[in-house]
Amino acid sequence: MAAEVISALPAPQIPDGPDGNPIVSVEYEVYGQVQGLGFPKFAKDQAERLGLGGWVKNTRQGTIAGRLEGPKNQLIQMVQWMAREGSPGSKVERCELRNWEFTVVQTFRNFSVRF
């Protein structure tokens, strides 16, 4: 499945589920000048404010990658934050979404920084 690229777009195109705000899970990767600027810490803070679960990490390729899980509306807000704002000083080129799915139960109850 091709990755969906989010940059300066209005909102990610995640299909509606069976109810108004279903639980969604998605993998993401953020490109640009995003490492060495505290992006994982700021992403964790933002995800916790939105009540999302999942994880974030720096990759060897110089990107930020992870998984988000939670109510669709909050997940969209998080993706928009990653694609448009990010951590202070970061210069986000794009945010790619992969392997999104609707889930019955939220697997990740917390959001963590992985190393």
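Everything below is about the structure printed above this text.
Everything in this summary refers to the structure shown in the same document. (Residues numbered from 1 in each chain as written. Predicted model: local features only at pLDDT ≥ 70, side-chain atom pairs only at ≥ 80, totals over all residues. Heavy atoms only, no water.)

Let us now look at the overall build of the protein chain. Counting its secondary structure elements, the protein chain contains two helices and six strands. What you see in the protein chain, going N to C, is helices and strands ordered as β-β-α-β-β-α-β-β. When each of the 115 residues of the protein chain is scored for burial, the buried share is 43%. Contacts in the protein chain between residues at least 24 apart in sequence constitute 82% of all its contacts with a sequence separation of at least 6. In the form shown here, the protein chain has an accessible surface area of approximately 6,100 Å², with 50% of it arising from carbon and sulfur atoms. (Helix = DSSP H or I, 4+ residues; strand = E, 2+ residues; numbered from the N terminus. Buried < 20%, exposed > 50% of the residue type's maximum accessible area, 1.4 Å probe, protein only. Contact = heavy atoms within 4.5 Å. Areas by Shrake-Rupley, 256 points an atom, 1.4 Å probe, with all protein chains shown as cover.)

Right, let's talk about the pairing of strand 4 (residues 64-71) for a bit. In terms of burial, strand 4 is a largely internal element, eight of the eight residues being buried. One ladder, built from eight bridges, connects strand 2 (residues 23-33) with strand 4; its direction is antiparallel. Each bridged residue has a counterpart across the sheet, and for glutamate 27 the counterpart in strand 4 is arginine 67. Across six bridges, strand 3 (residues 53-58) lies against strand 4 in antiparallel orientation. (Pairing = 2+ DSSP bridges.)

On to the packing of aromatic side chains. According to the stated counting rule, one finds two aromatic pairs in the structure shown. Ring geometry for phenylalanine 39 and tryptophan 81: centres 5.5 Å apart, planes at 50°, overall tilted. Here phenylalanine 39 is found in helix 1 (residues 39-50), whereas its partner tryptophan 81 is found in helix 2 (residues 72-84), with 42 residues between them in sequence. For the pair shown, phenylalanine 39 and tryptophan 81 are each scored as buried. Measuring from ring centre to ring centre gives 5.4 Å for tryptophan 100 and phenylalanine 102, while their planes differ by 80°; the resulting arrangement is edge-to-face. With a relative accessible area of 31%, phenylalanine 102 lands in the partly exposed category. (Phe/Tyr/Trp six-rings, centres within 6.5 Å; stacked < 30°, edge-to-face > 60°.)

With that settled, the discussion passes to the nonpolar core. Within the largest apolar cluster, 22 residues are counted, with the highest numbers of intra-cluster contacts made by Tyr28, Val30, Phe39, Leu68, Met78, Met82 and Cys95. Broken down by secondary-structure element, the contributors of at least two residues to this core are strand 2, helix 1, strand 4, helix 2 and strand 5 (91-103). If one sorts the elements of this core by residue count, helix 2 sits on top with six residues. (Core = buried A, V, L, I, M, F, W, Y, C linked by side-chain atoms within 4.5 Å.)

Let us look at the environment of valine 30. Relative to the assigned elements, valine 30 resides in strand 2. Note: C-alpha distance between valine 30 and cysteine 95 (65 residues apart in sequence) is 4.4 Å. Not counting residues within four places of it along the chain, the set of residues in contact with valine 30 comprises Phe39, Thr63, Ile64, Met82, Val92, Arg94 and Cys95.

Moving on, we get to the pairing of strand 2. In the sheet, strand 2 pairs with strand 5 via 10 bridges, with the strands oriented antiparallel. Across the sheet, glutamine 33 pairs through a bridge with lysine 91, a residue of strand 5.

Taken as a whole and assessed by the stated rule, the structure comprises six salt bridges. Salt bridges here are not isolated pairs; linked through shared partners, they connect Glu29, Arg94, Glu96 and Arg98. (Salt bridge = Lys/Arg side-chain N within 4 Å of Asp/Glu carboxyl O.)

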